[in-house]
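Each chain, letter by letter, is given below.
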2 protein chains.
Amino acid sequence: MMQVNPERFLADLHRLRAFGAAGVGRGVVRPAFSEADLAARTWLAGEMRAAGLAVHVDPVGNLFGLAEGRSILLGSHTDSQPEGGWLDGALGVIAALEIARAAQDAGGPPVSVVSFQDEEGRFGVTTGSAIWAGMLALDDADRQTDRDGVSFAEARAAIAGEAGEFVDPGQFSGFIEMHIEQGPWLYEAGEAVGVVTDIVGIRDMRITLEGEQNHAGTTPMHRRRDAFQGLARFNALLNERLAGVVTPQTVWTIGHVRLHPDAHSIVPGRATFSMQWRDGDAGRLARMEEIIRDTAAEVAREMGLGLSFGDLLGLEPMPTDARLREALCGAAEAVAPGRWRQMPSGALHDATNVARLMPSAMLFVPSIDGISHAFAEDTAEADLVVGLEVLAGAVARLG
Amino acid sequence: MMQVNPERFLADLHRLRAFGAAGVGRGVVRPAFSEADLAARTWLAGEMRAAGLAVHVDPVGNLFGLAEGRSILLGSHTDSQPEGGWLDGALGVIAALEIARAAQDAGGPPVSVVSFQDEEGRFGVTTGSAIWAGMLALDDADRQTDRDGVSFAEARAAIAGEAGEFVDPGQFSGFIEMHIEQGPWLYEAGEAVGVVTDIVGIRDMRITLEGEQNHAGTTPMHRRRDAFQGLARFNALLNERLAGVVTPQTVWTIGHVRLHPDAHSIVPGRATFSMQWRDGDAGRLARMEEIIRDTAAEVAREMGLGLSFGDLLGLEPMPTDARLREALCGAAEAVAPGRWRQMPSGALHDATNVARLMPSAMLFVPSIDGISHAFAEDTAEADLVVGLEVLAGAVARLG
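The model shown is predicted, which means the values in this text are computed figures rather than measured ones. Throughout this description, residue numbers start from 1 for each chain and increase along the sequence as written. Each chain takes a letter, starting from A, and each ligand takes a number, starting from 1, following the order in which they are written. Totals for whole chains, interfaces and linings use every residue, but because this is a predicted model, local features are given only for residues with pLDDT of at least 70 and side-chain atom pairs only at 80 or more, for both listing and counting. Values reported for side chains reflect all heavy atoms of the structure, with hydrogen atoms and water molecules removed beforehand.

Some points on the overall build of chain A
And then number 1: Helix and strand counts for chain A stand at twelve helices and 17 strands.
And then number 2: Taking the principal axes of the C-alpha coordinates as reference, chain A spans close to 80 × 50 × 40 Å.
And then number 3: A total of 399 residues make up chain A; the buried ones form 60% of that total.
And then number 4: Taking contacts inside chain A between residues at least 6 apart in sequence as the whole, the part at least 24 apart equals 78%.
And then number 5: Every accessible area reported is derived by Shrake-Rupley at a probe size of 1.4 Å, with residue values counting cover from the shown protein chains alone. In the structure as shown, chain A presents an accessible area of about 14000 Å², 50% of it carried by carbon and sulfur atoms.
And then number 6: The centroid of the 33 positive side-chain charges in chain A is displaced by 4 Å from the centroid of its 54 negative side-chain charges. Secondary structure elements are defined from DSSP: runs of H or I of at least 4 residues count as helices, runs of E of at least 2 residues count as strands, and each element is numbered from the N terminus. Buried residues are those whose accessible area, probed at 1.4 Å on protein chains only, stays under 20% of the maximum for their type, while exposed residues exceed 50% and partly exposed ones sit between those limits. Any pair of residues with heavy atoms lying within 4.5 Å of one another is described as a contacting pair. The charge count includes Lys and Arg as positive and Asp and Glu as negative, but it does not include His or the ends of the chains. By convention, the charge on Lys lies at NZ, on Arg at CZ, on Asp at CG and on Glu at CD.

Remarks on the relation of the copies chain B and chain A
And then number 1: Rotating chain B by 180 degrees and moving it 0.0 Å along the rotation axis overlays it on chain A with an RMSD of 0.1 Å. On this basis, the relationship between the two copies can be described by a two-fold rotation axis. Within chain B, Ala232(B) has its C-alpha nearest the rotation axis, a separation of 2.6 Å.
And then number 2: A share of 100% of the interface residues of chain B reappears at the interface of chain A, consistent with the copies meeting face to face through the same patch. Here the copies are superposed with least squares, the fitted atoms being C-alpha atoms of residues at a pLDDT of at least 70 in both.

A short note on the interface of chain B and chain A
And then number 1: Counting from both sides, the interface comprises 61 residues of chain B and, opposite them, 61 residues of chain A.
And then number 2: Once two parts are joined, some of their accessible surface, as seen by a 1.4 Å probe, is lost; buried area is that loss totalled over both. Taking both sides of the interface into account, the surface hidden between chain B and chain A amounts to around 5200 Å²; carbon and sulfur atoms contribute 47%.
And then number 3: Salt bridges are defined by distance alone: a side-chain nitrogen of Lys or Arg within 4 Å of a carboxyl oxygen of Asp or Glu. At the boundary of chain B and chain A, one finds four salt bridges.
And then number 4: The salt bridge involving Arg223(A) is made with Glu188(B); its shortest N-O contact spans 2.1 Å.
And then number 5: Whenever a nitrogen or oxygen atom comes within 3.5 Å of another N or O atom, the pair is scored as a polar contact, on the condition that within protein one atom can donate a hydrogen and the other can accept it, and that pairs from neighbouring residues in sequence are kept only if both atoms are in side chains. The interface formed by chain B and chain A holds 36 residue pairs in polar contact (both at pLDDT 80 or more) in total.
And then number 6: Among the secondary structure elements, those contributing two or more residues to the side of chain B that touches chain A are α7 (185–189), β7 (201–210), β8 (214–215), α8 (227–242), β9 (251–253), β10 (257–260), β11 (266–267) and β12 (270–279) of chain B.

Considering the environment of Ala102(A)
And then number 1: Turning to its location among the elements, Ala102(A) is positioned in helix α3 (residues 90–106).
And then number 2: Setting aside residues no more than four positions away along its own chain, Ala102(A) makes contact with Met2(A), Gln3(A) and Val4(A).

Focus on the packing of α8(B) against helix α9 (residues 282–303) of chain B
All names here are of chain B.
And then number 1: To get an axis, a line is fitted to the C-alpha atoms, and for a helix only the part in contact is used. The angle between two axes follows their N-to-C directions and goes from 0 to 180 degrees. Direction vectors running N to C along α8 and α9 enclose 140 degrees, while the axes themselves pass 9 Å from each other. Put simply, α8 runs oblique to α9. For the crossing formed where α8 meets α9, the hand is right-handed. Contacts between α8 and α9 involve Gln229, Gly230, Arg233, Phe234, Leu237, Leu238, Arg241 and Leu242 from the former and Met288, Ile291, Ile292, Thr295, Ala296, Glu298, Val299, Glu302 and Met303 from the latter.
And then number 2: Here the contact of α8 with α9 is built from residues that sort into ten nonpolar, three polar and four charged. Any angle that is under 35 degrees is reported as roughly parallel, and any over 145 degrees as roughly antiparallel; angles of 65 to 115 degrees are reported as roughly perpendicular and all others as oblique. By definition, turning the near helix anticlockwise from the far helix through less than a right angle yields a left-handed crossing, and turning it clockwise yields a right-handed one. Under the scheme applied here, ten amino acids are nonpolar (Ala, Val, Leu, Ile, Met, Phe, Trp, Tyr, Cys and Pro), four are charged (Asp, Glu, Lys and Arg), and all others, including Gly, are polar.

Concerning the packing of helix α2 (residues 35–50) of chain B against helix α3 (residues 90–106) of chain B
Residues and elements named next belong to chain B.
And then number 1: Between α2 and α3, the shortest axis-to-axis distance is 10 Å and the interhelical angle comes to 20 degrees. Relative to α3, α2 is oriented roughly parallel. As for how α2 packs across α3, the hand of that crossing is left-handed. Residues Trp43, Leu44, Glu47 and Met48 of α2 lie in contact with α3, whose contacting residues are Val93, Ile94, Leu97 and Arg101.
And then number 2: Grouping the amino acids of the contact of α2 with α3 by side-chain chemistry returns six nonpolar, no polar and two charged.

Some points on the pattern of salt bridges
And then number 1: Applying the stated criterion to the full structure yields 41 salt bridges over all chains.
And then number 2: Between Glu98(B) and Arg101(B) there is a salt bridge, and its shortest N-O distance comes to 2.9 Å. Of this pair, Glu98(B) and Arg101(B) both sit in helix α3, separated by three residues, roughly a single helical turn.
And then number 3: For Glu98(B), a relative accessible area of 0% puts it in the buried group.
And then number 4: A relative accessible area of 9% means that Arg101(B) is categorised as buried.
And then number 5: Among the charged side chains, a salt-bridge network with shared partners connects Arg8(A), Asp12(A), Arg15(A), Glu47(A), Glu98(A) and Arg101(A).

Details of the side chain of Arg30(B)
Residue and element names in this part refer to chain B.
And then number 1: Within the secondary structure layout, Arg30 lies in the loop between α1 (6–17) and α2.
And then number 2: The side chain of Arg30 is buried and forms no salt bridge, while Asp37, the nearest opposite charge, is found at 5.2 Å.
And then number 3: Among the polar contacts listed, one links the side chain of Arg30 to the backbone oxygen of Leu16, at a separation of 2.8 Å.
And then number 4: Within the structure, Arg30 has its side chain in polar contact with the backbone oxygen of Thr78 (distance 2.9 Å).
And then number 5: The contacts of Arg30, once residues within four sequence positions are left out, are Leu16, Arg17, Phe19, Ala36, Asp37, Ala40, Thr78, Asp79, Ser80, Gln81 and Ala90.

Quick word on the pairing of β10(B)
Residues and elements named next belong to chain B.
And then number 1: The alternating pattern of β10 places Val257 and Leu259 on a buried face and Arg258 and His260 on a face that is not buried.
And then number 2: Paired strands, in this sense, are two strands between which DSSP finds at least two bridges. Across four bridges, the pairing between β10 and β12 is antiparallel. Bridge pairing in β12 places Val257 opposite Phe273.

Looking at the packing of aromatic side chains
And then number 1: Under the pairing criterion, centres of Phe, Tyr and Trp rings, with the six-membered ring standing for Trp, must be within 6.5 Å; the plane angle then separates stacked pairs below 30 degrees from edge-to-face pairs above 60, leaving the rest tilted. Scanning the model with the defined rule gives 20 aromatic pairs over all chains in all.
And then number 2: Where Phe33(A) meets Phe152(A), the ring centres are 6.0 Å apart and the plane angle is 70 degrees; that geometry is what we call edge-to-face. Taken as a pair, Phe33(A) in the loop between α1 (6–17) and α2 (35–50) and Phe152(A) in helix α6 (residues 152–156) lie far apart in primary sequence, 119 residues in all.
And then number 3: Seen from their ring centres, Trp132(B) and Phe172(B) are 6.3 Å apart, and the 75 degrees between their planes marks the pair as edge-to-face. Placement of the pair is Trp132(B) in helix α4 (residues 127–132) and Phe172(B) in strand β5 (residues 172–180), with a sequence separation of 40 residues. Assigned by exposure class, Trp132(B) and Phe172(B) land together as buried.
And then number 4: Put simply, the rings of Phe64(A), Phe116(A), Trp132(A), Phe172(A) and Phe175(A) touch in pairs and so form one group of aromatic residues.
And then number 5: Taking the ring centre of Trp86(A) as reference, the NZ or CZ of Arg26(A) above it sits at 4.6 Å.
And then number 6: The criterion is that NZ of a Lys, or CZ of an Arg, lies within 6 Å of the ring centre and within 35 degrees of the ring normal, and then a charge sits over that ring. For the cation-ring pair, Arg17(B) lies above Trp86(B), with the distance from its terminal atom to the ring centre recorded as 6.0 Å.

Here's what the structure looks like:
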């Protein structure tokens, strides 16, 4: 009978946190291929080896600890947002490591571990798992650049010396990713575990409004074609119009705004901004896209602005595997009776990609106040341990 | 009788344009202390010398061509916006040069020429003339930095070798600045000249709204404290509320916006933006400030956002000198009968500062479509010449 060690698991989480510790709460700065990220992976590879796993790095930096023969794959990612928390990704990897050790000690079942690279999107979106799953061509990924103009090709050159081939997914019976919820639902309900039913779909594009750059002192209000005012008007109309279409789980965000020339004394001639929306239903995502495009066109027409849309990026909603989900539900009820639920995932995860390769599932633990992608991200350590035990229980059930 | 040479004047304007020519229309990139700016000033100093003027550079880079004895000072600035036009500032300096030459040829009256430094605010606002007029301490100016972190002290070190003392303003009987209108009023009315009655006052501050940075996929809409949504709401309410207070000449602008962390997948935790407003009436400026502060406070309260205001920067509305203005009106009626008007200036100019030192006035020529602070800025050459002749006429009248 497999026996996980909660103290060892928590100690390892804190050890991983030291790589790129932000010095603010338990915050972490460990973007893909940064010095802290590479150091963390070297440490993790050592722990995998100590757990009796064969360490393998693929060409894009995904780090595997492989059990012999056919195994179940557990894991997530260890890279962070530019300002991230200590658990986002890290939790799933360290839980996987602990369960692999426990399985090794117990003589089975075979458990492999993975830390995917660039899940947080320094170069793209879930880059490492997307390439492995064939959803993103390596050539295309290589051309993607970060904010400073560094390409993915340049970044991954740092690990070329230790990299082997891509791992054959045929050796895995399935994939389970444990993760913090990153939303408030479990925390607010006082529940310990969420078994994920679907990962919501995501749509993302840039929108540009072109007005007329002009002097902010001498251009009368009635003569202005102010691109920022266009953005503000679009935002207000959109919020009104989406209200009739969305559910409480639907979200939409303008997270990035760039004005040109972005000066106090100049009427903005251009506003470029991000528009991202997420929902579990592909039909609703399409209906929202229509409203977004129509509203932007209407504002542009009314205010005399030029309008252009960037490429629409996105991932379809993905249901999790029924057999894996049942094992998680059974383990959750055994470990935390009445304190768990089934729920959708509002965030995109590596599991979205891995589901193309093998049966995949996810479980969540609560996020305090629903906070993540921020230094303040945290989870009660007791809840982390419950999550670990549920995951271990599911692996045991799956044999 | 003083006789200006329109061909020579236009040729010099085009020669100056070659320093930092943007390659887009007649656009110019010649920010203060850039290579192009310093080269333009070297050329201008040579032209001043050829016109019989004594060249003098002061410690902050203001370039004077001084006539002997007591003289009238004409001029403006030759630095440009990061993306500027060929006439903004340059026109007033080259007109001054041409009139100084004509006066020299005619044996009087004595005319001095100035090109102020950093009017366009790479480091501040009308930096060179503000320091000369005692409105900005040199120590404070030296600490101001541009967007790349270069300080004014570092920039002006480039001219330390040629710089002398500050010029004694007591030698000047007054200052007249000729400038493009930078607004649409003259152009729309088909008029050739505007004699400025007042320069409007200006208020400028940064406002910061602090929300909660969070994951854009997992944070439900009702739980968000989105700083960008706060900015959009503030903007909408403000536009409504100012409507009852403003005149057709009043303007207000949000020209700069910075979100943090400014990422597609993150609910903005902070929005910092510029709020600038201008009007000819100090009471109205104060009333607008009250509405701005109250509206921001209300939005912050309603949306659960933190709020902070930066320093309020500003300049008071300034009436021009009656005697100089009368000379300009007389000359305008003589040169362009029925095709001129008296009007306020919506833009800030060096004359706002120089008015602290001596009687000061301004005249405008039309801006095509009201465009300035952009490569597309332009004025019909015939209108430039009318402006030159009005300014020369006023100088002759003042004797």
